[in-house]
Amino acid sequence: MKIIELPKFTDERGALSFLESNNHIPFEIKRIYYLYGNTHNKIRGCHAHKKLQQAIIAINGSFTVEIDNGTKKQDFILNTPSQALLITECVWREIKNFSKDAVVLVLASDFYTEDDYIRDYNEFLKYKEIKCLL
Ligand code: TYD
């Protein structure tokens, strides 16, 4: 997991940031989704992926991504559109502390399939033990 500083061009018109597949992030983007309207600040995520890699950007507002690799937890506060948090496979993630205006942009390395999800924490720990190389 790491924060990537994206290119940022700023002038009197504001700012522009961008990222490219296999360049600023180490995978090809096959899917984009976004989370918004979480005005009651409910926790989202609470799952791991077997194969999927993702990059998360705070397109607006702020939130915290808690990453748990089964032994250690780490919080990443995202609050600027010029940073992306890279999330590998085989980690449990929870997204919390949403500002009312938060928009979470997620770039994913594959199409949606429920088969890639692990939604039970104990199952995640078992899966991690057996299948994950990280
Ligand atoms: P969910 O996994 O609960 O979202 P989060 O990880 O943010 O807590 O997803 C909510 C619903 O959206 C669930 O029924 C699955 C569906 N969904 C898709 O159909 N396609 C997608 O790309 C994603 C991410 C979710």
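Scroll up to find the structure this text is about.
Values in this document were obtained by computation on a predicted structure and should not be read as measured data.

Engineer: Describe the site of the ligand, with residues and values.
Structural biologist: In the region of the ligand, the neighbouring residues are Arg-31, Tyr-33, Leu-35, Arg-44, Gly-45, His-47, Tyr-112, Tyr-117 and Arg-119. His-47 has a polar side-chain atom sitting 3.5 Å from an oxygen atom of the ligand. In this structure, an oxygen atom belonging to the ligand sits 3.0 Å away from a side-chain N or O atom of Arg-119. Calculation on the ligand without its partners gives an accessible area of 540 Å², and the protein chains cover 60% of this total. Among the elements of the structure, β4 (31–35) and β5 (44–49) are those that each provide at least two residues to the shell around the ligand. Looking at the shell around the ligand, its residues break down into 4 nonpolar, 2 polar and 3 charged.

Engineer: Which residues make up helix α1 (residues 121–131), and what values go with them?
Structural biologist: For α1, every residue scored as buried is listed here: Phe-124, Tyr-127 and Lys-128. Projection of α1 onto a plane perpendicular to its axis shows the buried side chains occupying an angular sector of 105°, all on one side. Seen from the buried face of α1, the exposed residues on the opposite side, beyond 90 degrees, are Asn-122, Lys-126, Glu-129 and Ile-130. Among the structural elements, β5, β7 (63–68), β10 (92–96) and β12 (117–118) are those in contact with the buried residues of α1. By the N-cap criterion, in which a side-chain oxygen at the helix start approaches the backbone nitrogen of a residue two or three places on, α1 is capped by Asp-120, the distance to Asn-122 being 3.2 Å.

Engineer: Got a sec to walk through the pattern of salt bridges? Specific residues and values, please.
Structural biologist: Per the stated rule, a full pass over the model turns up 5 salt bridges. For Asp-11, the salt bridge goes to Arg-13, with nearest N and O atoms at 2.7 Å. Assessed through its relative accessible area of 33%, Asp-11 is described here as partly exposed. With relative accessibility at 75%, the residue Arg-13 sits in the exposed group.

Engineer: How would you explain the side chain of Ser-82 if you had to name every residue and give the values?
Structural biologist: Mapped onto the elements of the fold, Ser-82 is located in the loop between β8 (73–78) and β9 (83–87). Reaching out from Ser-82, the side chain makes a polar contact with the side chain of Thr-80 at a distance of 3.0 Å. Once you skip the residues sitting within four places of it in the chain, Ser-82 turns out to touch Ile-4, Glu-5, Leu-6, Lys-8 and Ser-17.

Quick notes on the rules
- For every chain, the first residue of the written sequence is number 1, and numbering continues from 1 along that sequence.
- Under the rules for a predicted model, residues below a pLDDT of 70 receive no local features and side-chain atom pairs below 80 are neither given nor counted, while totals for whole chains, interfaces and linings still include all residues.
- Values shown for side chains rest on all heavy atoms present in the structure; no hydrogens or waters enter the calculation.
- One heavy atom suffices: a residue is near a molecule or strand as soon as one of its heavy atoms comes within 4 Å of it.
- For this analysis, a polar contact is any N or O atom pair within 3.5 Å, provided that within protein one partner can donate a hydrogen and the other can accept it, and provided that sequence-adjacent residues contribute only side-chain to side-chain pairs.
- For the area figures, the Shrake-Rupley method with a 1.4 Å probe applies, and any residue is considered shielded solely by the protein chains shown.
- Strands are runs of DSSP state E lasting at least two residues, helices are runs of H or I lasting at least four, and both sets are numbered from the N terminus onward.
- In the scheme used here, Gly and all other residues not listed as nonpolar or charged are polar, with Ala, Val, Leu, Ile, Met, Phe, Trp, Tyr, Cys and Pro taken as nonpolar and Asp, Glu, Lys and Arg as charged.
- We call a residue buried when its accessible area falls under 20% of the maximum for its residue type, exposed when it is over 50%, and partly exposed in between, using a 1.4 Å probe and counting protein chains only.
- Directions are taken from the helix axis to each C-beta atom, and the arc is the one they span.
- Here a residue-residue contact requires only that any non-hydrogen atoms of the pair lie within 4.5 Å.
- Salt bridge criterion: a side-chain nitrogen from Lys or Arg within 4 Å of a carboxyl oxygen from Asp or Glu.

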